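The residues making up each chain are set out below.
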Amino acid sequence: MLTATHPALHVETTGEGTPLVMLHGWAMHGGLFAPIVPALSQRHRVHVVDLPGHGRSGTERPWTLARVVDALEQRFADAGTVSVLGWSLGGAVAIAWARRFPARIDKLVLVSTTPRFVAAGDWPCAMTAETLARFADELRVSFRQTLLRFLALQVRGSDEGRVVLAALRGQLFERGEPAPSVLAESLAALREIDLRDDARRLPHAALVVTGAQDTLAPAEAGAWLAAALPRGRLHAFDAAAHAPFLSHRDAFVDVVAAFLRDG
């Protein structure tokens, strides 16, 4: 495995084949993908990214979605076209990257991804602004305990919830603690994200993977996203929550590998 930091991004690369960039969720790091990287790297040159301000990556303040896309485009400018697997926040980043730089992206795999994290009058399948604001307040008061509670939400309702939760907790601070300022700024970015119009305009083949038990990115949001994407398709795991690549690892890899191979 090769490791590179460029300029703010920590990227771990392994395998041979067509390039696949993997983007993790909020407050996490690329190490969470470790259980599925060996299988995917059999056919792909896998690039596992720590998003700016997370894991081992640095960041330029303030943290914004546009700055993250800029960093990714700079890092992969010489890579040709890449497919992108984005989980949760990483999925939103993938949509924004594909919208701004469509020629960079081949295929999209959007895992537990919603185009809008906060509910609105025309978007009921999301958390309320008050819930997100309360979470931000708790983060300022007790950020470590708040993140641990956040992990519990990610696996609630899944068949393998306890096993997945133990894995997430064991790895959460494996690459250090994200700066509270970065978490607050990225959380503020989540509050403002609305990628519904962007999704409707993406020309790329896209697979949307949902968990029926997901309370953070509800399955209804994923179903909407798959229908809105011009070349979108949906795969739903009935017993999964927010991290199907951990709770249903083998089935998840099979679905993703088939999509990347056959479109």
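Residues numbered from 1 in each chain as written. Predicted model: local features only at pLDDT ≥ 70, side-chain atom pairs only at ≥ 80, totals over all residues. Heavy atoms only, no water.

(A) Local environment of the environment of Val 11. Its place among the elements puts Val 11 in strand 2 (residues 9–14). A relative accessible area of 0% places Val 11 in the buried class. Separated by 219 residues in the primary sequence, Val 11 and Pro 230 place their C-alpha atoms 30 Å from one another. (Helix = DSSP H or I, 4+ residues; strand = E, 2+ residues; numbered from the N terminus. Buried < 20%, exposed > 50% of the residue type's maximum accessible area, 1.4 Å probe, protein only.)

(B) Seen up close, the side chain of His 47. Note on placement: His 47 falls in strand 4 (residues 44–50). Here the side chain of His 47 touches Thr 13 through a polar contact of 2.9 Å, side chain to side chain. In this structure His 47 touches Val 11, Glu 12, Thr 13, Pro 19, Leu 20, Val 21, Met 22 and Phe 76, once residues within four positions along its chain are discounted. (Polar contact = N/O pair within 3.5 Å; in protein donor to acceptor, adjacent residues only side chain to side chain. Contact = heavy atoms within 4.5 Å.)

(C) Structural detail: the pairing of strand 5 (residues 82–87). The buried fraction of strand 5 amounts to six of the six residues, a majority that puts the element mostly inside the structure. The alternating pattern of strand 5 places Val 82, Val 84 and Gly 86 and Ser 83, Leu 85 and Trp 87 on opposite faces, both of which are buried. In the sheet, strand 3 (residues 18–23) pairs with strand 5 via four bridges, with the strands oriented parallel. Bridging from a neighbouring strand, Val 21 pairs with Val 84 of strand 5. Both strand 5 and strand 6 (residues 105–111) contribute to a ladder of five bridges, which runs parallel. Opposite Trp 87, over in strand 6, you have Val 111 as the bridge partner. In the classification by handedness, the crossover that spans strand 5, the intervening helix 3 (residues 89–100) and the parallel strand 6 is right-handed. (Pairing = 2+ DSSP bridges. Right-handed = clockwise from strand over helix to strand, strands pointing away.)

(D) Quick peek at the packing of helix 4 (residues 129–141) against helix 5 (residues 143–155). Their axes nearest at 6 Å, the elements helix 4 and helix 5 cross at an angle of 135°. With respect to helix 5, the axis of helix 4 lies oblique. In this structure, helix 4 uses Phe 135, Glu 138, Leu 139 and Val 141 to contact helix 5, whose residues at the interface are Phe 143, Thr 146, Leu 147, Arg 149 and Phe 150. (Axes fitted to C-alpha atoms, helices over the stretch in contact; angles between N-to-C directions. Parallel < 35°, antiparallel > 145°, perpendicular 65-115°, else oblique.)

(E) Molecular detail of the layout of surface pockets. Volume-wise, the largest pocket comes out at about 420 Å³. Listed by contribution, the elements that provide at least two residues to the lining of the largest pocket are helix 4, helix 5 and helix 7 (180–192). In terms of residue class, the lining of the largest pocket is made up of twelve nonpolar, seven polar and four charged. There is about 190 Å³ of room inside the second largest pocket. What lines the second largest pocket is a set of 13 residues, among which Ala 8, Glu 60, Arg 67, Asp 70 and Ala 71 lie closest to the centre. Of the residues belonging to the lining of the second largest pocket, the class tally is six nonpolar, four polar and three charged. (1 Å grid on protein atoms, 1.4 Å probe; cavity = no way out; pocket = protein on both sides within 12 Å on 5 of 7 lines; lining within 4 Å. Points joined across faces, edges and corners; volume = space filled by probe spheres on them. Nonpolar A, V, L, I, M, F, W, Y, C, P; charged D, E, K, R; others polar.)

(F) Focus on unusual backbone geometry. The backbone of Ala 27 sits at a positive phi, close to 70°, despite the residue not being glycine. Positive phi, close to 50°, is recorded for Ser 112, a residue that is not glycine. The topology assignment puts Ser 112 in the loop between strand 6 and helix 4. Among the residues examined, Ser 112 registers a relative accessible area of 2% and is labelled buried.

(G) Inspection of the pattern of salt bridges at higher detail. Applying the stated rule across the entire model yields 14 salt bridges. In this structure, the salt-bridge partner of Arg 196 is Asp 122, at a minimum N-O distance of 3.4 Å. With a gap of 74 residues between them, Arg 196 in helix 8 (residues 196–200) and Asp 122 in the loop between strand 6 and helix 4 connect regions that are remote in the sequence. Classification of Arg 196 as buried rests on a relative accessible area of 11%. The salt bridge partner of Arg 261 is Asp 262, with a shortest N-O separation of 3.1 Å. (Salt bridge = Lys/Arg side-chain N within 4 Å of Asp/Glu carboxyl O.)

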